[in-house]
Amino acid sequence: GSGDGQGQILQRFPEKDWEDNPFPQGIELFCQPSGWQLFTERNPPTFFVAVLTDINSERHYCACFTFWEAVESTQPQSHPRNGEGEAEEEEPSSPVQPAQLFAPKSLVLVSRLDHAEVFRVS
């Protein structure tokens, strides 16, 4: 209804945690600090580099690139009725086009090394 949602990790590499370097928990919250929302217009891509500090005081240097993908709205659209008990003439049904919405998708590179300049190079 409101367009608010939660981030979801679709892929990660490596797929399993390394003993000495576990996957940062909550990284999906970090990517969209204002929350995961759908918009009716495509936003421009964004890029930022930040440092996450985990519970063990280990630093994780993160480069986050976010772009917007089109998604189809699956909400049914209802038509208001005039009044109860009144005879209504059925209007021919016309195909309703679903509203096009745009959802953020983020790519995040996490490193233990502080080399932000490497993250920015294309």
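These lines cover the structure that appears in this document, whether it is placed above or below. (Residues numbered from 1 in each chain as written. Predicted model: local features only at pLDDT ≥ 70, side-chain atom pairs only at ≥ 80, totals over all residues. Heavy atoms only, no water.)

What follows concerns the side chain of His60. Looking at where His60 falls in the secondary structure, it is placed in strand S4 (residues 59-72). The exposure class assigned to His60 is buried, which follows from its relative accessible area of 3%. Looking at His60, its side chain comes within polar contact range of the side chain of Asp54, at 3.0 Å. Leaving out residues up to four positions away in the same chain, His60 has contacts with Asn21, Pro22, Pro24, Ala50, Val51, Leu52, Asp54, Val110, Ser111 and Arg112. (Helix = DSSP H or I, 4+ residues; strand = E, 2+ residues; numbered from the N terminus. Buried < 20%, exposed > 50% of the residue type's maximum accessible area, 1.4 Å probe, protein only. Polar contact = N/O pair within 3.5 Å; in protein donor to acceptor, adjacent residues only side chain to side chain. Contact = heavy atoms within 4.5 Å.)

With that settled, the discussion passes to the sheet that holds strand S5 (residues 100-111). Reading across from one edge, S3-S4-S5 is the order of the 3 strands in this open sheet, with antiparallel pairing throughout. Taken across any chain shown, the strands that pair with only one partner, and hence form the sheet edges, are strand S3 (46-53) and S5. Put simply, the sheet's adjacent strands are angled 30 degrees from each other on average, direction ignored. Pairing of S4 with S5, which is carried by 12 bridges, proceeds in the antiparallel orientation. Bridge pairing in S5 links Trp68 to Pro104. (Pairing = 2+ DSSP bridges. Axes fitted to C-alpha atoms, helices over the stretch in contact; angles between N-to-C directions.)

On to the packing of aromatic side chains. Counting across every chain of the model gives 2 aromatic pairs. Plain terms: the ring middles of Phe39 and Trp68 are 5.5 Å apart, the flat faces sit at 80 degrees to each other, and that makes the pair edge-to-face. One end of the pair, Phe39, is in the loop between strand S2 (36-37) and S3; the other, Trp68, is in strand S4, and 29 residues separate them in sequence. (Phe/Tyr/Trp six-rings, centres within 6.5 Å; stacked < 30°, edge-to-face > 60°.)

This part takes up the layout of surface pockets. Quantified by volume, the largest pocket comes out at close to 1000 Å³. In terms of lining residues, the largest pocket is bounded by 38 residues, among which Ile9, Leu10, Gln11, Ser106 and Val108 are the most central. When residues of the lining of the largest pocket are traced back to their parent elements, those giving at least two are strand S1 (4-5), helix H1 (27-31), S2, S4 and S5. Counting residues per element, the lining of the largest pocket draws most heavily on S5, which supplies 9 residues. Tallied by class, the residues present in the lining of the largest pocket amount to 19 nonpolar, 11 polar and 8 charged. (1 Å grid on protein atoms, 1.4 Å probe; cavity = no way out; pocket = protein on both sides within 12 Å on 5 of 7 lines; lining within 4 Å. Points joined across faces, edges and corners; volume = space filled by probe spheres on them. Nonpolar A, V, L, I, M, F, W, Y, C, P; charged D, E, K, R; others polar.)

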